[in-house]
Amino acid sequence: YRDRVTLDRAKAAVGEALSRRADNFLHVAKFEIYGNPGSPYLKLLDHAGCNYDDLAALVRRSGLDDALAQLAREGVYLSAAEFKGKDEIVRGSLKFRATRSDFARRDFWPGLMVESSGTSNRPQRGFVALDWIAIWTYSKALLLAAHDLYSHTHAVYDAVLPAPAATYGLLQNAKLGIVTNRWFAQSMPHHNWITDIRLRWGMSLIVWMGKLYGAGFPKPEMLPPQEFEPVFEWFAHETGHGKRCCLDVTASNGVRIARKALDRGISLDGMKFILHGEPFTDGKHDIMERAGISCTTRYSFSVGIQAGQGCAHPAAADDVHLNDYMIAAIKHPRPLDVEGTAIHPLLFTTLYPQAALLHLNVENGDYATIEKRDCGCVLGEAGLTNHLSHIRSYEKFTAEGWTYVYWDLFEIMERTLPAEFGGGPGDYQLIEEEDEEGLTRVTLVVAPSVQDLDEARIVSRLQELFIKSRWGNSSVAEAW
């Protein structure tokens, strides 16, 4: 908290890191991959016949991004399923399976034990160190400057730990010297009382230290789901005193706030949303714009990977500047055929040993448009000229800030529901879609050949099965 990050310091740090991208990558490769005999990446590199000297020569000759693309063509990459240990890694005669611990940071620093919303049968737990969060904070400083948000009053509408998004944002604001005025919080169910006590105590310590040493740190105000009245009251109070407001919130809750304001005739003119948790589409953008809200977005995934910050002069609703001072992103050279359309999955590589999970050409289940563009905003002026837009998933649902991978529902959709309600494989499908009011929906579709279907009963049963498949799913089921 005491070691504040100023805007000038952030610009200098990003500029220096960009000039050293190749060196930073090779440092990570030398010590975290070639220096770790158990690294799954080392096995892939050895199979491709690439020792460290070969890798260094390739990077120097071709540049980092082209070198990563060449490695991917030679089989040095991981699918999302391989990275999570769900699929065996097979490259010709090479066969092995990795676990998440194979990619975890090997040294220890103070930090947070967090859970992402999960794309496996267990929650995605991970340890995110404070020095890694500090590295992200440089791009957060640029985001705030690009959108003139240093002069705003800030609040967060999101869950407490172990859900990490709100805590990350609050920690970054404190390190930037920004007072976060309010935390409109939701609780997460826990599988036992020990976990609940540990998380409550940890959250109390973070808030306490923030009050002692930070610029200002709010205590979480626990609200029931979709309770927005305190947000409207906060906005009215702050604007009544001549201040402008910025709220960090998931895209779906942002839509709900906008809709409720429109229904009640409340003007939110001048409000700024920083959205996260799911795709920011034109439909969501239009509804929030009608309510007087301007929006930007950030792009993050996995445990502790903050990949992009919203452009101030966007070419699309979800246009973000890639944080390529700390990660590299390329399109997989081998396209996938998804419903007759060829798409190139994104492959991500981390450039710092502080990363919570080491990535080398790892798929995250998304694809996007990648474009180098000089947009003229502060993020671009700092050197972050690679843009991602039209970011979509080809393998996971993302709704209400929670994600769930298709393959984890296979047993339920292909076997359990047909056995209980009739039909067979393929007769039960889930579709992610956006309704006319901009909200993301997960819709259960059943083939017409399945007769005498009790719709209420099958939806209830799906929810039961969903919760049973993993204890952390109760949060997702409640939201969905």
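Note that the structure is a prediction, hence the values are computed from the model and not measured. Residue positions are given per chain, counting from 1 as you read along its sequence in written order. Under the rules for a predicted model, residues below a pLDDT of 70 receive no local features and side-chain atom pairs below 80 are neither given nor counted, while totals for whole chains, interfaces and linings still include all residues. Think of the side-chain values as coming from all heavy atoms in the structure, minus any hydrogens and water.

S.K.: Could you give an account of the overall build of the chain, naming the residues involved and the relevant values?
M.R.: Helix and strand counts for the chain stand at 16 helices and 23 strands. The C-alpha radius of gyration computed for the chain amounts to 23 Å, which stays within 12% of the reference 23 Å derived for 480 residues, consistent with globular compactness. Over its C-alpha atoms, taken along the principal directions, the chain stretches across nearly 65 × 65 × 45 Å. Considering the chain as a whole, with its 480 residues, one finds that 55% of them fall into the buried category. The long-range share in the chain, meaning contacts at least 24 apart out of those at least 6 apart in sequence, stands at 67%. Surface accessibility of the chain: about 20400 Å² in total, with carbon and sulfur atoms responsible for 51%. The secondary structure listing takes helices from DSSP runs of H or I that are at least 4 residues long and strands from runs of E that are at least 2 residues long, numbered from the N terminus. In this description the radius of gyration comes from C-alpha coordinates, and the expected globular size is given by 2.2 Å times residues to the power 0.38. The buried label goes to any residue with under 20% of its type's maximum accessible area, the exposed label to any with over 50%, and the partly exposed label to all in between, with areas taken from a 1.4 Å probe on protein chains only. In what follows, a contact means two residues having at least one pair of non-hydrogen atoms within 4.5 Å. Surface accessibility follows the Shrake-Rupley procedure with a 1.4 Å probe radius. Residue values consider only the protein chains on display as shielding.

S.K.: Now, about the pattern of salt bridges: what can you tell me, with residues and values included?
M.R.: Criterion for a salt bridge: a side-chain nitrogen of Lys or Arg within 4 Å of a carboxyl oxygen of Asp or Glu. Summed over all chains, the structure comprises 20 salt bridges. Linking R20 and D23 is a salt bridge whose minimum nitrogen-to-oxygen distance equals 3.8 Å. Overall, the relative accessible area of 38% leaves R20 in the partly exposed class. A relative accessible area of 29% means that D23 is categorised as partly exposed. One salt-bridge network, held together by shared partners, links D3, R9 and K175.

S.K.: Which residues make up the packing of aromatic side chains, and what are the values?
M.R.: Pairs were defined over the aromatic rings of Phe, Tyr and Trp, the Trp ring being its six-membered one, requiring ring centres within 6.5 Å. Orientation was assigned from the angle between planes: stacked under 30 degrees, edge-to-face over 60, tilted for the rest. Under the defined criterion, the tally for this structure stands at 14 aromatic pairs. Aromatic side chains Y1 and F217 sit 6.3 Å apart centroid to centroid with 70 degrees between the ring planes, which places their arrangement in the edge-to-face category. Taken together, the residues Y1 in the segment before α1 (7-19) and F217 in the loop between α9 (193-213) and β7 (220-222) connect sequence positions 216 residues apart. Under the relative-accessibility criterion, Y1 is labelled partly exposed at 23%. Judged by relative accessible area, which is 4%, F217 ranks as buried. Residues F301 and F348 carry aromatic rings whose centres are separated by 4.6 Å and whose planes lie at 45 degrees to one another, so their mutual orientation is tilted. Here F301 is found in strand β10 (residues 294-301), whereas its partner F348 is found in strand β16 (residues 346-350), with 47 residues between them in sequence.

S.K.: Kindly report on the side chain of S39, identifying the contributing residues and their values.
M.R.: Structurally, S39 is set in the loop between α2 (21-33) and α3 (40-47). Two N or O atoms form a polar contact when they lie within 3.5 Å of each other; inside protein one atom must be a possible hydrogen donor and the other a possible acceptor, and for residues adjacent in sequence the pair counts only when both atoms belong to side chains. A distance of 3.2 Å separates the side chain of S39 from the backbone nitrogen of Y41, its partner in a polar contact. Those residues in contact with S39 that lie beyond four places of it in its chain are E32 and I33.

S.K.: Tell me about the pairing of strand β19 (residues 386-393), and please be specific about residues and values.
M.R.: With 2 bridges joining them, strand β12 (residues 320-322) and β19 adopt antiparallel strand pairing. Considered in β19, the bridge of H321 is made with H387. For two strands to count as paired, DSSP must find a minimum of two bridges between them.

S.K.: Report on the sheet that holds β16, specifying residues and quantitative values.
M.R.: In spatial order, the strands read β13-β16-β17; together these 3 strands make up an open sheet with antiparallel pairing. Of all strands in the sheet, those with a lone pairing partner are β13 (327-331) and β17 (362-363), marking the two edges. Both β13 and β16 contribute to a ladder of 5 bridges, which runs antiparallel. If you follow A329 over to β16, its bridge partner there is F348. Interaxial angles span 0 to 180 degrees and are taken between N-to-C directions of axes, which are lines fitted to C-alpha atoms, for helices over the stretch in contact. Sheet strands in contact with helix α5 (residues 64-73) are β13 and β16, and its direction is about 55 degrees off that of β13.

S.K.: Please give an account of α3 that cites residues and values.
M.R.: Within α3 the residues assigned to the buried category are P40, Y41, L42, L44 and L45. Close packing links the buried residues of α3 with α2, α5, α6 (80-83), β1 (89-91), β2 (94-96) and β17. Capping the start of α3 is the job of one residue whose side-chain oxygen sits 3.2 Å from the backbone nitrogen of Y41: S39. The first or second residue beyond α3 is G49, which carries a positive phi of 70 degrees.

S.K.: Outline the state of the cysteines, listing residues and values.
M.R.: What counts as a disulfide here is a pair of cysteine sulfur atoms lying within 2.5 Å. One pass over the structure, following the stated rule, counts 0 disulfides. Between C295, a free cysteine, and C246, which holds the nearest cysteine sulfur, the sulfur-to-sulfur gap is 10 Å. Here C311 is not cross-linked by a disulfide; its sulfur's nearest cysteine counterpart is in C375, at 3.6 Å.

S.K.: Any details on α1? Residues and values, ideally.
M.R.: Each α-helix winds once per 3.6 residues, and so residues spaced three or four apart point in a common direction. Expected helix span is computed as 1.5 Å times (number of residues minus one). Compared with an ideal rise of 1.5 Å per residue, which puts 13 residues at 18 Å, α1 spans 19 Å between its outermost C-alpha atoms and is within 8% of the ideal. Restricting attention to buried positions, one finds in α1 the residues A10, A13, V14 and A17. On an axial view of α1, the arc spanned by its buried residues comes to 95 degrees, and they lie on one face. Exposed residues pointing more than 90 degrees away from the buried face of α1 are listed as D8, E16 and S19. In this structure, the buried residues of α1 make contact with α2 and α7 (130-146). Comment: arc refers to directions from the helix axis out to C-beta atoms.

Function cannot be inferred from these measures alone, as they are strictly geometric.
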